[in-house]
Amino acid sequence: MRVLLVEDEKRLSAALRKLLQQERYEVDAVYTGLDGLDYALTGSYDAMILDVMLPGMDGFEVLRRVRAEKMSLPVLMLTARGDVTDRVRGLESGADYYLPKPFDTAELMACLKTITRRGGVAPQMTLGAGDVELVPQEARLKCTATGKEIRLGAKEYQLMELFLRNPGQILEKETIQERVWGYDSEAEYNNLEVYISFLRKKLTFLGSAVRIRVSRGLGYALEVEG
Ligand code: CA
């Protein structure tokens, strides 16, 4: 399996390259959008890992041009902190999967395996648990039991996504804050409880059986049954 890695952060690129090589992928690493486009169009790759923020030409433009020429190349897009607008743009531009930074390396490997197995034809997988699922194109949460849908704000969406990726598991507050707000945002540091209460209200509105349970001193968990 040959992978084209387009990521301008040298340290991240080097770490990913090492990881991919350990998993027996052959890796070509480039650091600008133009090089990414060049390599993607002239080389023979099984997948491309494409950062959004790149010098010169951004990942969306690279993807658009690649899709105009090579429809079938599976593309995994990376970007900072899972901005929903970026996610929608990425999927509309033809990304097979979109992974917000910071990500687990295990998650990246799982995504890569999924998109290469699918040969790049499958759409974004549906993320859901119990009777709720996310509708990424419109940033909505849907209850499959009642058929109701409601729009989520960007942070609510990211929070719900994190819970749905880890159903039933207690997520520590620090972990949630780090994943949704990043390392450097003091301003929103204390807003987690507020957003949790928003999500709870929305789950109630939807008539869903899914609950967000608090474990005092530990964190929050998405309770899927009962
Ligand atoms: Ca970048």
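Up top is the structure.
Structure report, in brief. Along each chain, residues carry numbers from 1 onward, in the same order as the chain's sequence is written. pLDDT decides what is reported in this predicted model: residues at 70 or higher carry local features, side-chain atom pairs at 80 or more are listed and counted, and totals for whole chains, interfaces and linings draw on all residues regardless. Hydrogens and water molecules were not included; the side-chain quantities draw on all heavy atoms of the structure.

This brings us to helix H7 (residues 173-181). The rule is simple: take the accessible area with a 1.4 Å probe, protein chains only, and divide by the maximum for that residue type; under 20% is buried, over 50% is exposed, in between is partly exposed. Per the convention used, a helix needs a DSSP run of H or I reaching at least four residues, while a strand needs a run of E reaching at least two, with both numbered from the N terminus. Taken together, the buried positions of H7 are Ile 176, Gln 177, Val 180 and Trp 181. End-on, the buried residues of H7 take up no more than an arc of 100 degrees, which puts them together on one face. In this structure, the buried residues of H7 make contact with helix H6 (154-165), strand S10 (170-172), helix H8 (192-206) and strand S12 (219-223). The directions from the helix axis to the C-beta atoms are what the arc is built from. Whether two residues are in contact is decided by their heavy atoms: any pair within 4.5 Å suffices.

This part is about the coordination of the calcium ion. We call an atom a donor if it is N, O or S and sits within 2.8 Å of the metal, or 3.2 Å for Na, K and Ca. Water is not counted, so some sites may look partial. Coordination of the calcium ion by the protein involves Asp 8 (OD), Asp 51 (OD) and Met 53 (O), with metal-donor separations of 2.0 to 2.3 Å. Linear spacing of the donor residues for the calcium ion on their chain is D-x42-D-x1-M. What makes Met 53 exposed here is its relative accessible area of 60%.

This next bit is on H6. In this model, H6 (12 residues) spans 17 Å end to end at C-alpha, consistent with the 16 Å of a helix rising 1.5 Å per residue. H6 sits mainly inside the fold: 10 of its 12 residues count as buried. By the burial criterion, the buried members of H6 are Lys 155, Glu 156, Tyr 157, Gln 158, Leu 159, Met 160, Glu 161, Leu 162, Phe 163 and Leu 164. Expected helix span is computed as 1.5 Å times (number of residues minus one).

Moving on to the nonpolar core. One finds Leu 141, Leu 159, Met 160, Phe 163 and Ile 176 to be the most contacted residues of the largest nonpolar core, which totals 29 residues. Listing elements by their share of this core, those giving two or more residues are strand S7 (132-135), strand S8 (140-143), H6, H7, H8 and S12. Setting aside anything within four residues of it in sequence, one finds Ile 176 in contact with Leu 159, Leu 162, Phe 163, Leu 171, Trp 181, Leu 192 and Tyr 220. In plain words, nonpolar cores are sets of buried Ala, Val, Leu, Ile, Met, Phe, Trp, Tyr and Cys residues tied together by side-chain atoms within 4.5 Å.

Glancing now at unusual backbone geometry. A cis amide bond links Lys 101 with the next residue in sequence, Pro 102, at an omega value of -5 degrees. Note that Pro 102 resides in the loop between strand S5 (97-101) and helix H5 (105-118). One non-glycine residue, Arg 24, lies in positive phi territory at about 70 degrees. Assignment of secondary structure puts Arg 24 in the loop between helix H1 (10-22) and strand S2 (26-30).

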